[in-house]
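Results of the structural survey
So you can see what is in the structure, the chains are spelled out below.
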Amino acid sequence: MIREDGLAGRLWRIAIWAAVVIFVLNVLAVIAVVVIDSVAARWFGTWLPPAFVTHWYSDAWADFQLSDVLIVTFEIVAAVVVIAGVLGVTAAYALARRNFPGKQAVMLIFLAPLLVPPLTYGIPLATLLYKFGFGGTMGGVILANLVPTVPFMVLVMIPFIEQIDPRIEAAARVFGASTFSLFIRVLMPLLLPGILAGLLLVMVRTIAMFELTFLTAGPTSQTLVVALYYAVFASGVRAGQEVDVMAVVYMASTLIWLLIALRFVSPTQIVSRAKQRA
Amino acid sequence: MSATAASPQAVTPARMSLRQRLAARGIDSITLLVLPALLALVGLFVYPFIYGLIVSFAPKVGPFYENYHKFFSDPFLRSTIWHTLALAFPTTLLSILLALPIAFRVRLMRRQRTLTTILLLPMTLGTVLVAQGLLTYLGPHGWFNRVLMLLHISGRPLELTNNYWGVFASLVLTGFPFTFLLTLSYVSGIDPALEEAAATLGGGAWNRFMRIFLPLLAPGLAVTFCLSFVQSFSVFPSAVLLGAPAGSTHVIAIAAYQAAFEQYNYSLGSAIAMIMGGVQLVIVIAVLASRQLFYRGPVGGTKG
Amino acid sequence: MTDTRVLQRSASDGAFLPRGGPAGGPGSPQSRSVLELAGLRRDFGSFSALRGIDLTIAPGEFVALLGPSGCGKTTALNCIAGLMPLTGGRINLGERRIDELPPEQRGFGMVFQSYALFPHMTVRKNVGFGLAMQKVPRKEAEARIDEALSLVRLHAQGDKLPGQMSGGQQQRVAIARAIVIRPPVVLMDEPLSNLDAKLRLEMRAEIRRIHDAIGSTTIYVTHDQDEALSMADRIVVMQEGMIRQTGTPEDLYERPLHADVAEFMGFRTRIHGRVRSMQDGRVTVEAGGAVVEAVARNPVSVGQTVTLMIRPEDFLATAERTSIGGTVRTIEYRGRAFFGTASLADGTDVFFRSEMRHSVGQAVGLSTPPSQILVFAEDGS
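Residues numbered from 1 in each chain as written. Chains lettered and ligands numbered in written order. Predicted model: local features only at pLDDT ≥ 70, side-chain atom pairs only at ≥ 80, totals over all residues. Heavy atoms only, no water.

**Some remarks on the overall build of chain A**
How we decide: Here a helix means four or more residues in a row that DSSP labels H or I, a strand means two or more in a row labelled E, and each is numbered from the N terminus. Relative accessibility thresholds used throughout: buried, under 20% of the residue-type maximum; exposed, over 50%; partly exposed, between the two (1.4 Å probe, protein chains only). For this analysis, residues touch if any pair of their heavy atoms sits within 4.5 Å. Computed with the Shrake-Rupley method and a 1.4 Å probe, the accessible areas treat only the protein chains shown as cover for residues.
When its secondary structure is counted, chain A shows eleven helices and zero strands. Mapped in sequence order, the helices and strands of chain A form the string α-α-α-α-α-α-α-α-α-α-α. Seen through its C-alpha atoms, chain A measures out along the principal axes to roughly 70 × 65 × 35 Å. Relative to its 278 residues, chain A shows a buried fraction of 54%. Looking at chain A alone, contacts between residues at least 24 apart form 73% of all its contacts between residues at least 6 apart. Of the roughly 12,300 Å² that chain A leaves accessible, carbon and sulfur atoms contribute 69%.

**Description of the overall build of chain B**
Here is the rule we go by: For the radius of gyration, the atoms used are the C-alpha atoms, and the globule rule reads 2.2 Å times the number of residues raised to 0.38.
Each helix and strand in chain B was counted, giving 13 helices and zero strands. For chain B, the succession of helices and strands along the chain, N to C, is α-α-α-α-α-α-α-α-α-α-α-α-α. On C-alpha atoms alone, chain B measures out to a radius of gyration of 26 Å, which is more than a quarter above the 19 Å that the 2.2 N^0.38 rule sets for 304 residues. Oriented by its inertia axes, the alpha-carbon framework of chain B measures out at about 100 × 70 × 30 Å. Within the span of chain B, comprising 304 residues, buried residues form 56% of the whole. Accessible surface for chain B amounts to roughly 13,300 Å². Of this, 69% is attributable to carbon and sulfur atoms.

**Some words on the state of the cysteines**
How we decide: What counts as a disulfide here is a pair of cysteine sulfur atoms lying within 2.5 Å.
Taken as a whole, this structure holds zero disulfides over all chains when the rule is applied. No disulfide involves Cys79 of chain C; its nearest neighbouring cysteine sulfur is the one of Cys71 of chain C, lying 13 Å away.

**Thoughts on the sheet that holds strand β9 (residues 234-239) of chain C**
Residues and elements named next belong to chain C. We apply this condition: DSSP bridges decide pairing: two strands pair if at least two such bridges lie between them. All axes here are fitted lines through C-alpha atoms, helices being fitted over the stretch that makes contact, and every angle between N-to-C directions spans 0 to 180 degrees.
Across the sheet, six strands lie side by side as β6-β7-β8-β3-β9-β10; this open sheet has mixed pairing. Both outer strands of the open sheet, β6 (109-111) and β10 (242-247), are each paired with one neighbouring strand and no more. Pairs of neighbouring strands in the sheet enclose a mean axial angle of 20 degrees, with direction left out of account. With five bridges connecting them, strand β3 (residues 62-66) and strand β8 (residues 217-222) associate as parallel partners. Across the sheet, Ala64 pairs through a bridge with Tyr220, a residue of β8.

**Let's talk about the side chain of Thr216 of chain A**
Residue and element names in this part refer to chain A. Under the convention used in this document: Residues adjacent in sequence count toward polar contacts only when both atoms are side-chain atoms; beyond that, a polar contact is any pair of N or O atoms within 3.5 Å, and within protein one must be able to donate a hydrogen and the other to accept it.
Relative to the helices and strands, Thr216 is located in helix α9 (residues 211-216). Owing to a relative accessible area of 2%, Thr216 belongs among the buried residues under this scheme. A polar contact of 2.7 Å, which involves the side chain of Thr216, links it to the backbone oxygen of Leu212. For Thr216, the contacting residues outside a window of four places in its chain are Ala126, Leu129, Tyr130, Gly135, Gly136, Thr137, Gly140, Val141 and Ala144.

**Topic: the nonpolar core**
Our working definition: The nonpolar core is taken to be a set of buried Ala, Val, Leu, Ile, Met, Phe, Trp, Tyr and Cys residues, with the residues joined through side-chain atoms within 4.5 Å. Domain start and stop points were drawn from an automatic or database domain assignment.
The biggest cluster of nonpolar side chains holds 274 residues, and the ones touching the most others in it are Phe110 of chain A, Phe180 of chain B together with Leu35 of chain C. Of all the elements, helix α3 (residues 66-97) of chain A adds the most residues to this core, at 16 residues. The two domains that each donate at least three residues to this core are domain 1 (30-259) and domain 2 (267-375) of chain C. Contact partners of Phe110 of chain A, with chain neighbours within four places excluded, come to Ala91, Leu95, Val150, Pro151, Val154 and Leu155 of chain A together with Val34, Ala37, Leu38 and Leu41 of chain B. In terms of nonpolar packing, the next biggest core, distinct from the first, is built from 26 residues, Ala294, Ile324, Ala342 and Val350 of chain C among them.

**Describing unusual backbone geometry**
Peptide bonds are trans in most cases, and residues, glycine excluded, mostly fall at negative phi. Residues and elements named next belong to chain C. We note that Glu190 has phi near 40 degrees; this positive angle belongs to a residue other than glycine. Relative to the assigned elements, Glu190 resides in the loop between β7 (185-189) and α6 (197-214). Even without being a glycine, Arg336 presents a positive backbone phi close to 65 degrees. In this structure Arg336 comes out as exposed when scored by relative accessible area, which is 83%.

**So, the interface of chain B and chain C**
Note the following rule: Once two parts are brought into contact, the accessible area they lose, counted with a 1.4 Å probe and summed over both, makes up the buried area. Salt bridge, as applied in this entry: a Lys or Arg side-chain nitrogen positioned within 4 Å of an Asp or Glu carboxyl oxygen.
Of the residues lining the interface, 24 residues belong to chain B; the matching set on chain C comes to 25 residues. Both sides together, the interface formed by chain B and chain C hides about 2,200 Å², and carbon and sulfur atoms give 69% of it. There are one salt bridge connecting chain B and chain C. Between Arg208 of chain B and Glu104 of chain C there is a salt bridge, with its nearest N and O atoms 3.3 Å apart. Taken together, chain B and chain C are joined by three residue pairs in polar contact (both at pLDDT 80 or more).

**A closer look at the interface of chain A and chain B**
Operational definition: Side-chain classes follow a simple rule in which Ala, Val, Leu, Ile, Met, Phe, Trp, Tyr, Cys and Pro form the nonpolar group, Asp, Glu, Lys and Arg form the charged group, and the remainder, Gly included, forms the polar group.
Of the residues lining the interface, 98 residues belong to chain A; the matching set on chain B comes to 94 residues. The tally of links between chain A and chain B comes to six residue pairs in polar contact (both at pLDDT 80 or more). Tallying contributions element by element places helix α1 (residues 7-38) of chain A first for the side of chain A that touches chain B, with 18 residues. Looking at side-chain class alone, the side of chain A that touches chain B contains 75 nonpolar, 13 polar and ten charged residues.

**Some thoughts on α6 of chain C**
Residue and element names in this part refer to chain C. Where we set the bar: In this analysis, the expected span of each helix is defined as 1.5 Å times one less than the number of residues it contains.
Counted at 1.5 Å a residue, the expected span for α6 with its 18 residues is 26 Å, and the 26 Å between its end C-alpha atoms agrees. Every buried residue belonging to α6 is among Met203, Arg204, Glu206, Ile207, Arg208, Ile210, His211 and Ile214, and all of these are buried. In the stretch just after α6, Gly215 is the one whose phi turns positive, near 65 degrees.

**Quick look at the pairing of strand β1 (residues 35-44) of chain C**
Residues and elements named next belong to chain C. Examined bridge by bridge, β1 and strand β2 (residues 47-57) share eight bridges and lie antiparallel to one another. The residue of β2 that forms the bridge with Glu36 is Thr56. Here β1 folds back onto β2, and the loop between the two strands holds two residues, one of which, Gly45, carries a positive phi near 60 degrees. Pairing geometry for β1 and strand β4 (residues 88-93), over five bridges, is antiparallel.

**Section: the pattern of salt bridges**
In total, this model carries 27 salt bridges over all chains according to the counting rule given. For Asp251 of chain C, the salt bridge is made with Arg255 of chain C, and the minimal N-O distance between the two is 3.1 Å. Its relative accessible area of 41% is what places Arg255 of chain C among the partly exposed residues. What emerges from the salt-bridge pattern is a single network uniting Arg107, Glu195 and Arg208 of chain B together with Glu104 of chain C.

**Digging into the environment of Phe118 of chain C**
Summarising the element assignment, Phe118 of chain C is placed in the loop between β6 and α3 (123-133). In this structure, the C-alpha to C-alpha distance between Phe118 of chain C and Asn78 of chain C, residues 40 residues apart in sequence, is 19 Å. With residues near it in sequence (within four places) discarded, Phe118 of chain C still touches Leu194, Ala197, Ala198, Leu201 and Ile212 of chain B together with Asn126, Phe129, Pro162 and Arg177 of chain C.

**Some thoughts on a nonpolar patch on the surface**
Note the following rule: Here a patch means residues that are over 30% exposed by relative accessible area and free of salt bridges, tied together within 9 Å if like-charged and within 5 Å if nonpolar (Val, Leu, Ile, Met, Phe, Trp, Tyr).
Taken together, the side chains of Trp47 and Leu48 of chain A together with Val147, Leu150, Leu151 and Ile153 of chain B define a hydrophobic patch exposed on the protein surface, amounting to about 610 Å² of accessible area. For Ile153 of chain B, the position within the fold is in the loop between α7 (143-150) and α8 (164-188). In this structure Ile153 of chain B comes out as exposed when scored by relative accessible area, which is 59%.

**As for the confidence of the model for chain A**
In low-pLDDT regions, the fine details of the predicted coordinates are not to be read closely. Going by this rule: Confidence of the predictor at the level of single residues is given by pLDDT, which spans 0 to 100.
On average, residues of chain A score 84 in pLDDT, and 93% of them are at 70 or above. Predicted confidence is poor over residues 271-278 of chain A, with pLDDT under 50, and the contacts of this stretch with residues over four places away or in other chains come to 18 contacts.

**Regarding the confidence of the model for chain B**
All names here are of chain B. The predicted model of chain B averages 85 in pLDDT, with 92% of residues at 70 or higher. Summarising per-element confidence for chain B, the mean pLDDT is lowest in helix α1 (residues 2-6) (44) and highest in helix α3 (residues 35-56) (94). Interface confidence in the predicted complex, given as ipTM, is 0.83; pTM for the same model is 0.79.

**With respect to the sheet that holds strand β12 (residues 282-287) of chain C**
Residue and element names in this part refer to chain C. The strand order across the open sheet built from five strands is β13-β12-β11-β14-β20, with neighbouring strands paired in antiparallel fashion. Looking at strand neighbours, the two that pair on one side only are β13 (290-295) and β20 (374-377), the edges of this open sheet. This sheet shows a mean twist of 45 degrees between the axes of neighbouring strands, independent of strand direction. As paired elements, strand β11 (residues 269-279) and β12 share six bridges and run antiparallel to each other. Note on β12: the bridge partner recorded for Gln279 is Arg282.

**Some details on the side chain of Glu211 of chain A**
We count it as follows: Charge assignment: positive for Lys and Arg, negative for Asp and Glu; neither His nor the chain ends contribute.
By the element assignment, Glu211 of chain A lies in helix α9. Within the buried core, Glu211 of chain A has no salt-bridge partner, and the shortest N-O distance to an opposite charge, that of Arg205 of chain A, equals 9.2 Å. Setting aside anything within four residues of it in sequence, one finds Glu211 of chain A in contact with Pro118 and Leu119 of chain A together with Ser234, Phe236 and Pro237 of chain B.

**So, the pairing of strand β17 (residues 338-344) of chain C**
Residue and element names in this part refer to chain C. Among the seven residues in β17, six count as buried, and that is most of the element. Here strand β16 (residues 324-333) pairs with β17 via seven bridges, running antiparallel. Along β17, the bridge assignment pairs Thr327 with Ser343. Across six bridges, β17 lies against strand β18 (residues 349-354) in antiparallel orientation. What sits directly across from Gly340, in β18, is Phe352. In textbook terms, the turn of a hairpin is the stretch between consecutive antiparallel strands, and for β17 and β18 this stretch comprises four residues, one of which, Gly347, has a positive phi near 95 degrees.

Pasting the structure below:
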């Protein structure tokens, strides 16, 4: 906690805060532009639109069949969250508690999908899914989205599980708990904040995952982000404001979950056990 | 009875059950919990990866290496590597250079959660939304150019969309939060007493950073660089929407997608995807290997 | 106040490390300067961690800041080191005012509770860090590192990383790192609290030996009165951000001025009573259903409510009812003697020593020499 009170220290501090402010202002401006345009009657060449209307929301809802897209998105995201949660937590538990031959290789398999561009495995994976008849279906989209989310969940959960004193589990065992009731009665309550944070981030990632969904989705299995991409890509066909309506809906759907996730854990805890001295 | 049971023969290795032998190597019912996730990844990641590798060596025409030969002999395809690197390297570096001093500041704050949440905001926006917002914001009539002209920094609107700079801006905006999050966690993992110790020994701010923080942070920053670089290197939707997808932002992901799903040449598409993974791998290995030069161990203090 | 032991020690110091080098920089012969704390205050919002600390520390003195956790002793140390800005008061080193200097310009050596060794540097690099900061020429630096390492008896371990060493060894490296810069003052923040009991005893003697060898001034923060009593020339007892009492270990142990300090020094039994009479420096106090005689060291008056404080080892229980009567509640053998607790008629719990094993519930008589009882006037009487 050492403060630099010299002139150089003060200038440096001002420079850093200036960078933060500029960054945040630009982010907020990008968001504001989208939000304002979604309620603008017509906006071109002025600071603010001359008039505000709300009908773009009903128009876009109808034109883009947003309720269908939202339902599909919800179903896909829910499935991915549940499967990634179950697979991720159990695997993380094994990796956090046991050393076994080949553990390094297993860890590598869990790390690799996060270190390889999604398109690299996405293209052959999509090819295979189409070959086996999963292409363009919701099942295919769900399977593809498991590739980055399961390892993500594993890596998030390992430090959380390592934090728990193994003697607590030993105590539960001594008092007669089976593996299953150990999970349900002892580990789950202790891990709940970590699991919730991990799942919410899996949720945000899946909602935002463009490449894999884009490659594997068909017309009836598009998530919001892919629908948004097509809308932006084909801008001119529909009014720009309708595209922005969709963007606003998309933003709202991810933002809520991130804010909830940050309620449960401090952001740095997600990547490692942060240590902050009071 | 009791005498024979206690005799040494009773516990010879030959009499050990399979379960005991596995347990001796660390494999028991808890270890098996790793299997479902492992099988899922083998099926959905390892197998497709190998499949893609094989397919890439089975071109529609020509010898087995035809796809790779085509990629590297066609200047339009070959240049995608440089287009991608020209975007990914500067944006990743800029994100880290921006994240590092901010993380050092935020670490000292008592109410860091609010600021961190704001800085993480763009993470939720995703590439497509940022691209859509930037199209308007950075456009010739957008707020950004209006402010520049208002402040007389520029006389006429700058061209910032449908070219390199639009994609650059979008990558910094979407990449920074993740870089910042990782950097902050590494920075706050360093025991503050180390800095205090350096200060009492006469180390000024510059020396404390260069001699204590930087060496301790280097391995973490290398990991941060790799993970952030993957995101920038995979740039796809913003390069299409916000860049010049046929020109300066014709990145490798676009080439792979076009080959596989527009020309329906899965073999070429897979080959380009493999090249993409290969380039990424070379850079990750190079960066991570450089970690060996630095101290790697606990940075939380020397206790225990 | 002049402490004769300090003067003797400062006459013999300076023998180990040659003093020299350019004057003015940290580590130059400023060690001869008095460290003066005047009215140190440190507020955190509405909470005051330090409420005006005044203390003058002579060169070569070993001062222990003693107090329970949260008393402000570590805050005081951090303020002296410059790691925490003051919100009031002044710190002078000799003629020089230093409280507005950043820590790196004060030139004090500090030993941290967690040692705070740089994990990425070898022992030699750790010890040499301060010298590198002072741009000491390489050859001289190497010689001084050797000297410091042999002083802490770690000469052979210079190329290890801190992570490869035991807690006690790490502690020695931390000390070597702090003293190699020849600081005018060495600050130690509970340096032994992470060590096991046996090592702690060894390191006590070791730290005192090093202090004497280099003749530095040491400020040592601890919550352990045994450590303070055995190591320090002078003990400063702190409580709630203020100094309660300052004095030699003997002073504090024999003549605590406040009931709180007395309790900290092992006077565990407190009996409330009323002064009956005073004569020739002796007071007679009605307490615990008996009349007790004590030597009065603190001013009290007849009729005043007072607290009597007695150490367990001075409060002897016998089978015959001599002065104060009590009922045994617990008793345990601690080798040589028995120690136990008893209740007096008015319900007060007391701690006593005994030559024999009483049974629980037995009535005993408790007595103590008048000189071993402390009498404190109670506030608000």
